[in-house]
Amino acid sequence: MEVSEVYELLKQAGLPVAYQMFPEDDIPDLPILIYTMPYSRNFSADGRVYRKGSHVQIDLYTGRKEPETEQKVEEAISGHYWDKTEEYLEDEQCYRIMYEMEV
């Protein structure tokens, strides 16, 4: 899956989406989705890459706990296996819900 395909997948959640960051002069209000593909997860056979894969990290930022917004994201990525973690970012005063999946 390419970066543009991940973008289209996440747009289904109905939230503003950006790869890595929004432009500084165009940051939308929360909630927002930021995603990255920080490393590959290739499958090898006989010393060669048999199937290319990528690790995708999706960060949902919300001003408060929003289970309904999380549900929208989870529905958008439901065709893939994902894991989820959550933290409150004290300095930014927002929640970061991180989804990780392989594509």
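Please refer to the structure higher up on the page.
Cut-offs used in this document
Residues numbered from 1 in each chain as written. Predicted model: local features only at pLDDT ≥ 70, side-chain atom pairs only at ≥ 80, totals over all residues. Heavy atoms only, no water. Helix = DSSP H or I, 4+ residues; strand = E, 2+ residues; numbered from the N terminus. Buried < 20%, exposed > 50% of the residue type's maximum accessible area, 1.4 Å probe, protein only. Areas by Shrake-Rupley, 256 points an atom, 1.4 Å probe, with all protein chains shown as cover. Lys, Arg positive; Asp, Glu negative; His and termini not counted. Charge placed at Lys NZ, Arg CZ, Asp CG, Glu CD. Core = buried A, V, L, I, M, F, W, Y, C linked by side-chain atoms within 4.5 Å. Contact = heavy atoms within 4.5 Å. Salt bridge = Lys/Arg side-chain N within 4 Å of Asp/Glu carboxyl O. Arc of directions from axis to C-beta. Polar contact = N/O pair within 3.5 Å; in protein donor to acceptor, adjacent residues only side chain to side chain.

Novice: A description of the overall build of the chain should follow, citing residues and the corresponding values.
Specialist: Summing up its helical and strand segments, the chain has 2 helices and 7 strands in all. Helices and strands appear in the chain in the N-to-C order α-β-β-β-β-β-α-β-β. Considered along the principal axes of its C-alpha atoms, the chain spans approximately 50 × 30 × 25 Å. Among the 103 residues that make up the chain, the fraction classed as buried is 39%. For the chain, the exposed area adds up to about 6,800 Å²; of that, 45% sits on carbon and sulfur atoms. The positive charge centre, built from 10 side chains, and the negative charge centre, built from 22, are 7 Å apart in the chain.

Novice: How would you sum up the nonpolar core? Please name residues and give values.
Specialist: In terms of nonpolar packing, the biggest core is built from 19 residues, with Leu10, Leu33 and Ile58 touching the most fellow members. Going through the elements one at a time, α1 (3-11), β2 (32-40), β5 (54-62), α2 (67-76) and β7 (94-102) are the ones with two or more residues in this core. Setting aside its immediate chain neighbours within four residues, Leu10 contacts Val17, Leu33, Tyr35, Ile58 and Ile77.

Novice: Can you explain the pattern of salt bridges? Please cite residues and give values.
Specialist: Taken as a whole and assessed by the stated rule, the structure comprises 7 salt bridges. Two residues, Lys84 and Glu70, come together in a salt bridge whose shortest N-O distance is 2.6 Å. Taken together, the positions of Lys84 in strand β6 (residues 82-89) and Glu70 in helix α2 put the pair 14 residues apart, joining distant regions of the chain. What makes Glu70 buried here is its relative accessible area of 4%.

Novice: Which residues make up α1, and what are the values?
Specialist: Taken residue by residue, α1 has Val6, Leu9 and Leu10 as its buried positions. The arc enclosing the buried residues of α1, seen along the axis, measures out at 95°, which places them on a common side. Contacts made by the buried residues of α1 are with β1 (17-19), β2, β5, α2 and β7.

Novice: Explain the environment of Pro28 to me, using residue names and the numbers behind them.
Specialist: Here Pro28 shows up in the loop between β1 and β2. Along the sequence, Pro28 and Pro16 sit 12 residues apart, while their C-alpha atoms lie 7.1 Å from each other. Apart from the residues lying within four places of it in its own chain, the contact partners of Pro28 are Pro16 and Phe22.

Novice: Outline the side chain of Arg96, supporting the account with residue identities and numerical values.
Specialist: With respect to the helices and strands, the residue Arg96 is situated in strand β7. Looking at Arg96, its side chain comes within polar contact range of the side chain of Glu87, at 2.6 Å. Setting aside chain neighbours within four positions, we find Arg96 in contact with Gln57, Asp59, Leu60, Tyr61, Thr85, Glu86, Glu87 and Leu89.

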